[in-house]
Amino acid sequence: MVNPIRFEQMASLADFESGKDGKMLRIARYYKSDYIAVQMIKTFFLTSIAVVLVIGLFAAGNMNMILDSIDNWNLTTVAAVLLIAYIVILAGYLAVTYLTASRRWKRARKIAEIYEKKLRELELTGSSEAVPAGKSKRKGS
Amino acid sequence: MSGLAEFGKRMKIFYARWSVYLDMLFKLALALASFIWIRAMSGYSPLFSNVFLLLVLAILCMVLPLTAVPVFDGILIVGQAFSVGLDAGAVAIALYLVLLILFLRFVPDDAWEAAAMPVLTWIGLPVFLPVWCGLKRKPYALLAVDSGIVLYGFVRALHANAGKLRELGSSAYASRLKLIIGGTFSDRMVVLIFAATAVIIMVYSVRNLPADNAFLISVPVGGAVYLAFILLGNAVLHTGMDPVTGLIGAVAACLLAGLLEAMDTPLDYRKSERLQFEDDEYYYYVKAVPKFASDRGRSFHEVEELMPGEKRNDDGPDKNAVDYEQKLEDSLKNL
C-alpha cells in the first residue's frame, strides 16, 4: 500500500533532483577548490581561443591598412602590446570566473544541505512507517 | 493604478493555470519572429530561407528549452552568411564563438534576449528590452542584450552591402572583410551598444532606489538616456539616426514596459507609512507600503470568477487596515 507521506517526500525529492536544483547538487559533489579550478581551466582555454578570434577578426577587418603599414611597424612592440592585452583580458575573465564559481558553489552547498535534510526525513519516515488510518500495524503484514 | 494591479493579478492567475502552453506559445512566437527577421534581412540561401524549414524549426523550438532559439538563430545566420561567401561564413562563425565564449557563457538564463533584441531593433523598439531587463533582471543581462545588437549589426551589414559584395567578387577578401566587419561594428551599432548598456544600468539603479514609485520613474529615465545617446551619436559620430523615429520608438517601448511593470507591482504608495521602533539591540526605521486591497490577504485560488448573482465579499480598505506597529511588536516578541 502506498504511504502518502513517503510518496509526497519522494515526489518532492524527485522534483528537487530535476531542473536547476539538480545541477546544483552535481556542483556540490565537488570540493570547492576543485570546482573553481576546473572552471578556471575552462575559462583559460576558452578565453585564449576568443582572444585569438578577436585579433583575427580585427586583422581581417583592417587587412589593407595592416599590409600597407606593416613594413613600418616595430614588431617587438606590437607583440608586447598584444601580449599585455591578452594577459589583462585573461586576468579579468579569470577573476570573474573565480567570483562566479565561488558564489555558485556556496549556493550549491546550501541546496545540497536542504536535499540531505529531506533525505533524512525520508529515512525517518521509512524506519517508522506510517500506516493508513483505521488499520493497525501487524508483524508480517 | 489599482485597476492595473488587479488586471496584472488576473493575468498571473491565468498564466499559472496555463503556463505550460503559454510558455510554448512564447517560444514559438519568439522563434518565428527571429527567423522571419533573418529571412527578411538576408534571404541569400534558398535552403535557409525555406518557409517550411523555418516553420519546422519554430515548432521544434516550442518543445525545446528557450536557449534553443538563439542556437537555431545562429545556425540560420551562419548558413545565410556562407551563401554570401566563405569569408562571410567564417566571420559569422568567429563572431558567434567570441560572443558565446566571452559573454553568453556567463548569462545562460538570458541567452534568449540575444535572439529577441535584433527583432525588436528591426521593428523600431530597441529600447524595450533594455528597459525591461533593467526592471526585471540584473545588470549582467546587458551581456545578452549587447550580443543581440552585435548579431543585428552583422546581419544588417550583409544586407546593406549585398550589392557591393557581389560586385567585388569572391576573391577580393580584404575589401569584402572590411565591408562585413566594418559594417558589423559601425558607429551606429557602437552607439546602440553603449545606449543599451547605459539604459539597463540606469533603469536598474533608479528602480532599486528607496523612493516611492521608483519603478515608474525608472522607465522614462531609461527612455531619456537612450535618446541622449542617439543625439550624442548624431552630433559626435554623425551616425545619422533619425531622432523622431527614435523618440517614437522610445515612447512606445517605455509605455509598454511601464504598463507591464505597473501590472506586476501591486503597491499603493499613497498609503505608505513610516514607523520607528527600538528594542534592546536595534533602532528600527521601517517603511511599510501596503498592497492594493485586491492583493491583500488573498491567495491565487481565492480570486475566482463569481457565479451569476453572487456578490463579491470584499471588505473595503478601511476594514482591512492593518496595525503595522502592533504587528512589528508582535514579531519582535516572537524573536
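Just above, that's the structure.
Caption draft 1: Inspection of the side chain of R176 of chain B at higher detail. All names here are of chain B. Looking at where R176 falls in the secondary structure, it is placed in helix α9 (residues 173–184). The exposure class assigned to R176 is buried, which follows from its relative accessible area of 3%. Leaving out residues up to four positions away in the same chain, R176 has contacts with V84, G85, D87, L165, L168, G169 and S170.

Caption draft 2: Seen up close, the pairing of strand β1 (residues 273–278) of chain B. All names here are of chain B. In the sheet, β1 pairs with strand β2 (residues 283–288) via six bridges, with the strands oriented antiparallel. When the sheet's bridge partners are listed, R274 is paired in β2 with K287. Hairpin remark: β1 followed by β2, antiparallel, with four residues in the connecting loop.

Caption draft 3: Highlighting the interface of chain B and chain A. Across the boundary between the two partners, chain B contributes 16 residues, which contact 16 residues of chain A. Counting each side, the surface lost to burial between chain B and chain A is near 1400 Å², with a carbon and sulfur contribution of 76%. Joining chain B to chain A, the criterion identifies zero salt bridges. Applying the counting criterion to the chain B and chain A interface returns two residue pairs in polar contact (both at pLDDT 80 or more). At the level of secondary structure, the elements contributing two or more residues to the side of chain B that touches chain A comprise α4 (86–102) and α9 of chain B.

Caption draft 4: The side chain of D73 of chain B, seen in detail. All names here are of chain B. Looking at where D73 falls in the secondary structure, it is placed in helix α3 (residues 68–84). The charged side chain of D73 is buried without a salt bridge, its nearest counter-charge being R39 at 13 Å. Beyond its immediate sequence surroundings of up to four residues, D73 is in contact with S34, F35, I38, Y96 and A115.

Caption draft 5: Fine view of the packing of helix α3 (residues 32–61) of chain A against α4 of chain B. Two elements in contact, α3 of chain A and α4 of chain B, have axes separated by 9 Å at closest approach and are oriented at 140°. Our classification of the angle between α3 of chain A and α4 of chain B gives oblique. Considering only the axes of α3 of chain A and α4 of chain B, their crossing is left-handed. Contacts between α3 of chain A and α4 of chain B pair L46, T47, I49, A50, L53, V54 and L57 of chain A from the former with V91, A94, L95, L97, V98, I101 and L102 of chain B from the latter. Grouping the constituent residues of the contact of α3 of chain A with α4 of chain B by class yields 13 nonpolar, one polar and no charged.

Thresholds applied
Residues numbered from 1 in each chain as written. Chains lettered and ligands numbered in written order. Predicted model: local features only at pLDDT ≥ 70, side-chain atom pairs only at ≥ 80, totals over all residues. Heavy atoms only, no water. Helix = DSSP H or I, 4+ residues; strand = E, 2+ residues; numbered from the N terminus. Buried < 20%, exposed > 50% of the residue type's maximum accessible area, 1.4 Å probe, protein only. Contact = heavy atoms within 4.5 Å. Pairing = 2+ DSSP bridges. Buried area = accessible area lost by both parts, 1.4 Å probe. Salt bridge = Lys/Arg side-chain N within 4 Å of Asp/Glu carboxyl O. Polar contact = N/O pair within 3.5 Å; in protein donor to acceptor, adjacent residues only side chain to side chain. Lys, Arg positive; Asp, Glu negative; His and termini not counted. Axes fitted to C-alpha atoms, helices over the stretch in contact; angles between N-to-C directions. Parallel < 35°, antiparallel > 145°, perpendicular 65-115°, else oblique. Left-handed = near helix turned anticlockwise from the far one by under 90°. Nonpolar A, V, L, I, M, F, W, Y, C, P; charged D, E, K, R; others polar.

Nothing here speaks to function; it is geometry throughout.
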